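# Survey of secondary and tertiary structure
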Amino acid sequence: MNLQPKSVARDLDRQWSQVRGMLRAEFGETAFNTWLAPLDLGGLEGERIMLSVPTRFLRDWVAAHYADRIRVLWRRVNPEVNGVALGVVPVPAGRPPPADARPCRTAPAHPQFESPPASETEVGAPLDPRCTFESFVVGRPNELAYAAAKRVADLATPPFNPLFVYGGVGLGKTHLMHAIAWQIRRQDTMRRVVYLSAEKFMYQFIKALRFKDTMSFKELFRSADVLMVDDVQFIGGKETTQEEFFHTFNTLVDRGRQIVISADRSPSELSGLEERIRSRLGWGLVVDVHPTTYELRLEILQTKAQMIAGEVEIPASVLEFLARRITSNVRELEGALNRILAQSTLVGRAITLELAQEILHDLLRAYERRVTIEEIQRRVAEHYGIRIADMHSARRARAVARPRQVAMYLAKQLTPRSLPEIGRKFGGRDHTTVMYAIRKIEDLRTTEPLLSDDIETLRRLLHG
Ligand code: ADP
Ligand code: MG
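Residue indices follow the written sequence of each chain, beginning from 1 at its first position. Note on labels: chains are lettered from A, ligands numbered from 1, in written order. For a predicted model such as this one, the threshold for reporting local features is a pLDDT of at least 70, and the threshold for listing and counting side-chain atom pairs is 80 or more; totals across whole chains, interfaces and linings nevertheless cover every residue. Excluded from the side-chain calculation are hydrogens and water; included are all heavy atoms of the structure.

Strands qualify as paired when DSSP identifies two bridges or more between them. Runs of H or I in DSSP of at least four residues are treated as helices and runs of E of at least two as strands, each being numbered from the N terminus. The strand order E5-E6-E7-E4-E8 describes an open sheet built from five strands, whose pairing is parallel. The open sheet terminates on both sides in strands that have one partner only, identified here as strand E5 (193-197) and strand E8 (285-289). Recorded for the sheet is a direction-independent mean angle of 15 degrees between the axes of neighbouring strands. In terms of strand pairing, strand E4 (residues 163-167) meets E8 through five bridges, oriented parallel. Only the stretch in contact is used when fitting a helix axis, every axis being a line fitted to C-alpha atoms; angles between N-to-C directions are given from 0 to 180 degrees.

Have a look at this one:
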């Protein structure tokens, strides 16, 4: 068969999207977005798949942790592939934002990271050039968080310390943190801004411990003028990391350095965190980003549509449709918009309301039936008459531990969440704990019909 280059490319694209799907399922949303989403498909050379990444740091990381897995998975969809090569293709400075609306973290690229001092790449995480204050759409739900972030970026001495921003996933917390970092870097190149996720902080710390090199670890962080730690709920339960984080935190505050923290819930709700740390986190300014309103969603979509106007026209009716139907968060909104853009380009049809409905049909159906982990926790807690807090607590008494295991089991069955993600939602437990819980419930179901009944009842309840 004589394949035309175009169809080869299309085949490769399809394979790549399958492989990406498998990677996402295997490593979970967070790891996928951080490390794998920035990969771009370059093509096939001989038997090797060429992938490009925006920075050397990412290349090294992906090479060390994921390249072999990518090769293995790729062979499943195309056995002719037998290798993966990674190349660095920097994103040039000042490049206009690409005409899509991928989430913040999926394109971590910044020219500064091309030849950074070793410590900088070691310690921080890349910033997305698209996540600036200019590209952030302000509305009622996020105006307070925006104003606070802007103030922190504007002033050389901390107006409040820490700034603690919390709210649900996909509502712009990371975007705001990147925006602060960009503005400070632009304004004052001497100030050292360190941005990273709490997971990465933990990872760095554990690595330092392993290599008995905690001194330089401490130095790295303590020399920051502005330290931003994203998704701090992830350090719940990790005691030594917490301790180190707390010391770093105090040292920096004492030295008058700015700290910015984000989390998916308020300081007082952070489970698995020591009381003194929890209360300390709430000393500065605590602001929350609220769920989006229809108006904000529409405005965000209009802004994105304007960015690509000239290339593609998106009728107002489509934007309104999206703003009305995709209510969960901005990330999903962007995802839906991108899907429509991609498909309409692919099939060469103009974007209409009908096409949008057609493309999003499955997504919307799944979306309407979707169950969240929080909902599962609430239902299970009600069913067994325990407190929701016990879903997160460390208590091991059977009366709470068993319902908790049931909830973990249902979370795995009814949501697309990975084991680590589920663990986090249950007071920052390890994924092995979740795995154990699932096995345990599976075993018990075969011997305890009552438990089986409970689970079926809950499942029906949850599916409405
Ligand atoms: P979070 O960190 O709260 O989970 P992100 O900051 O990653 O959310 O936001 C998810 C996506 O939505 C990102 O691509 C971000 O740029 C976009 N986004 C969120 N809020 C806004 C906003 N107000 N204006 C423009 N884009 C936004
Ligand atoms: Mg985030």
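Continuing now.
Time to look at the pairing of strand E7 (residues 258-263). Burial analysis of E7 places six of its six residues in the buried class, the great majority of the element. Bridge analysis of E4 against E7 gives four bridges, and the strand direction is parallel. Directly across from Val 165, in E7, lies its bridge partner Ser 262. As paired strands, strand E6 (residues 226-230) and E7 are joined by four bridges and run parallel to one another. By the bridge assignment for E7, Leu 227 is matched with Ile 259. By definition, the crossover connecting two strands over a helix is right-handed if that path, from the first strand to the second, turns clockwise as seen with the strands pointing away from the viewer. Following the chain from E6 across helix H9 (residues 239-254) to the adjacent parallel E7, one finds a crossover that is right-handed. The rule is simple: take the accessible area with a 1.4 Å probe, protein chains only, and divide by the maximum for that residue type; under 20% is buried, over 50% is exposed, in between is partly exposed.

What follows deals with the site of ligand 1. Contacts to ligand 1 come from 20 residues, most closely from Val 137, Gly 170, Thr 174, His 175 and Arg 331. Contact distances for ligand 1 include 3.3 Å between a nitrogen atom and a side-chain N or O atom of Asn 142. Polar contact is the term for a pair of N or O atoms within 3.5 Å; when the atoms are in protein, one must be able to donate a hydrogen and the other to accept it, and sequence-neighboring residues count only if both atoms are side-chain atoms. A distance of 2.6 Å separates an oxygen atom of ligand 1 from a polar side-chain atom of His 175. Per-residue accessibility takes into account occlusion by the displayed protein chains alone, with areas from the Shrake-Rupley method and a 1.4 Å probe. For ligand 1, whose unbound accessible area comes to 560 Å², protein coverage reaches 97%. Mapped by element, the contributors of at least two residues to the shell around ligand 1 are helix H6 (173-187), helix H11 (294-308) and helix H13 (330-347). Under the convention adopted here, Pro, Cys and the residues Ala, Val, Leu, Ile, Met, Phe, Trp and Tyr are nonpolar, Asp, Glu, Lys and Arg are charged, and Gly plus all remaining residues are polar. Here the residues of the shell around ligand 1 sort into eight nonpolar, seven polar and five charged. Note on terminology: near, applied to a residue and a molecule or strand, indicates that one of the residue's heavy atoms is within 4 Å of it.

Before going further, it helps to examine the environment of Ser 262. Locating Ser 262 in the fold gives a position in strand E7. Residue classification places Ser 262 among the buried residues on the basis of a relative accessible area of 0%. The spatial distance from the C-alpha of Ser 262 to the C-alpha of Val 286 is 9.7 Å, given a sequence separation of 24 residues. Beyond its immediate sequence surroundings of up to four residues, Ser 262 is in contact with Val 165, Lys 173, Met 177, Val 229, Asp 230, Asp 231, Val 232 and Gln 233. In what follows, residue pairs with any heavy atoms lying within 4.5 Å of each other are defined as contacts.

Before going further, it helps to examine the confidence of the model for the protein chain. Averaged over every residue, the pLDDT of the protein chain is 85; the share at 70 or more is 90%. For every residue, the predictor states its confidence as a pLDDT score lying anywhere from 0 to 100. Looking across the protein chain, the model is least confident in helix H4 (residues 118-123), with a mean pLDDT of 40, and most confident in helix H5 (residues 143-154), with 97. Note that residues 92-103 has pLDDT below 50 and, in this model, 22 contacts with residues that lie over four places away or in other chains. Low pLDDT, under 50, characterises residues 105-122; the stretch is placed with 54 contacts to residues that sit more than four places away or in other chains.

Right, let's talk about helix H7 (residues 198-210) for a bit. One less than the number of residues in a helix, times 1.5 Å, gives the span that helix is expected to have. Its 13 residues place the ends of H7 18 Å apart at the C-alpha level, agreeing with the 18 Å of an ideal helix rising 1.5 Å per residue. Within the sequence span of H7, burial applies to Ala 198, Lys 200, Phe 201, Met 202, Gln 204, Phe 205 and Ala 208.

As a further point, take the sheet that holds strand E1 (residues 40-45). In spatial order, the strands read E1-E2-E3; together these three strands make up an open sheet with mixed pairing. Strand pairing shows two members of the sheet lacking a second neighbour, E1 and strand E3 (84-88), which therefore form its edges. Here the average twist between neighbouring strands, direction ignored, is 25 degrees. Bridge analysis of E1 against strand E2 (residues 48-53) gives five bridges, and the strand direction is antiparallel. Each residue of the ladder has a partner; that of Leu 44, found in E2, is Ile 49. Along the sheet, helix H3 (residues 67-77) contacts E1, E2 and E3; its crossing angle with E3, the most-contacted strand, is approximately 130 degrees.

Side-chain rings of Phe, Tyr and Trp (the six-membered ring for Trp) are treated as a pair once their centres are within 6.5 Å; stacked means planes under 30 degrees apart, edge-to-face means over 60, and tilted covers the remaining angles. Within this structure, the stated rule accounts for 10 aromatic pairs. Look at Phe 245 and Phe 249: their rings are 6.1 Å apart centre to centre, the planes differ by 55 degrees, and that puts the pair in the tilted class. With Phe 245 and Phe 249 both in helix H9, this residue pair falls four residues apart, about one helical turn. When sorted by exposure, Phe 245 lands in the same class as Phe 249, which is buried. Through successive ring pairs, a cluster of aromatic residues spans Phe 201, Phe 205, Phe 217, Phe 221, Phe 245 and Phe 249. For a Lys NZ or an Arg CZ to count as sitting over a ring, it must be within 6 Å of the ring centre and within 35 degrees of the ring normal. Positioned above the aromatic ring of Phe 133, the side-chain terminus of Lys 150 is 5.2 Å from the ring centre. The side chain of Arg 424 reaches across the aromatic face of Phe 234, ending 4.2 Å from its centre.

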